[in-house]
Amino acid sequence: MAFDVVMFEPGTGFNNPSFTKAFGIVFCDTQHAAFPDSASIQAFNGTQSLGFSSASISGAGGLSFLGALATGTDVITSLRINVSNSTLGTPQDGTHDVV
């Protein structure tokens, strides 16, 4: 399951796109390290991908931090965050993981 995060200026009603140079997220209970099963983020500058990273395995109940940093003149305008290889409500087991 993935969702997109798009940067906007606060208080503008989503009318003024914005950007950031860095973004971080904490995942809980990551048990898979290989995409597409892993918790991951992909950063974009417009439609150009700035890179893709998977969270490290934290084990049951553990925490894993993953960050994205834009370098040079690049900026992050949106991100795709993958939080699981299953839909919410699916029981977790050795195959299904929801972080």
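Residues numbered from 1 in each chain as written. Predicted model: local features only at pLDDT ≥ 70, side-chain atom pairs only at ≥ 80, totals over all residues. Heavy atoms only, no water.

## Section: the overall build of the protein chain
In terms of helices and strands, the protein chain carries zero helices and six strands. Per-residue burial for the protein chain yields a buried fraction of 29% across its 99 residues. Pairs at least 24 residues apart make up 67% of the contacts formed inside the protein chain by residues separated by at least 6 positions. Within the structure as shown, the protein chain displays about 5,700 Å² of accessible surface, and the carbon and sulfur contribution to it stands at 59%. (Helix = DSSP H or I, 4+ residues; strand = E, 2+ residues; numbered from the N terminus. Buried < 20%, exposed > 50% of the residue type's maximum accessible area, 1.4 Å probe, protein only. Contact = heavy atoms within 4.5 Å. Areas by Shrake-Rupley, 256 points an atom, 1.4 Å probe, with all protein chains shown as cover.)

## Some remarks on the sheet that holds strand S3 (residues 40–45)
Taken in spatial order, the four strands make up an open sheet running S1-S6-S3-S4, and their pairing is antiparallel. Each edge of the open sheet is held by one strand with a lone partner, namely strand S1 (2–6) and strand S4 (48–54). The average angle at which neighbouring strand axes cross in this sheet is 15°, direction not considered. (Pairing = 2+ DSSP bridges. Axes fitted to C-alpha atoms, helices over the stretch in contact; angles between N-to-C directions.)

## Some remarks on the side chain of Asn-82
Mapped onto the elements of the fold, Asn-82 is located in strand S6 (residues 78–82). Looking at Asn-82, its side chain comes within polar contact range of the main-chain oxygen of Ser-38, at 2.7 Å. (Polar contact = N/O pair within 3.5 Å; in protein donor to acceptor, adjacent residues only side chain to side chain.)

## Focus on the pattern of salt bridges
Taken as a whole, this structure holds one salt bridge when the rule is applied. Between Asp-4 and Arg-80 there is a salt bridge; the shortest N-O distance is 2.6 Å. Taken together, the residues span a long stretch of sequence, with Asp-4 in strand S1 and Arg-80 in strand S6 at a distance of 76 residues. (Salt bridge = Lys/Arg side-chain N within 4 Å of Asp/Glu carboxyl O.)

## Looking at the packing of aromatic side chains
Enumeration over the complete set of coordinates arrives at one aromatic pair. With a centroid separation of 5.4 Å and 90° between ring planes, the pair formed by Phe-8 and Phe-14 is classed as edge-to-face. For Phe-8, a relative accessible area of 30% translates into the label partly exposed. (Phe/Tyr/Trp six-rings, centres within 6.5 Å; stacked < 30°, edge-to-face > 60°.)

## Focus: the nonpolar core
One finds Phe-27 and Ile-41 to be the most contacted residues of the largest nonpolar core, which totals 14 residues. Mapped onto this core, the elements with two or more residues apiece are strand S2 (22–28), S3, strand S5 (63–69) and S6. Once you skip the residues sitting within four places of it in the chain, Ile-41 turns out to touch Ile-25, Phe-27, Gly-51, Phe-52, Ser-53, Leu-66, Gly-67, Ala-68, Arg-80 and Ile-81. (Core = buried A, V, L, I, M, F, W, Y, C linked by side-chain atoms within 4.5 Å.)

## Quick word on the environment of Ser-53
As for its position among the elements, Ser-53 is in strand S4. Owing to a relative accessible area of 30%, Ser-53 belongs among the partly exposed residues under this scheme. Sequence separation between Ser-53 and Ser-40 is 13 residues; the distance between their C-alpha atoms is 5.6 Å. If we ignore the near neighbours within four places in the chain, the residues touching Ser-53 are Ala-39, Ser-40, Ile-41 and Leu-66.

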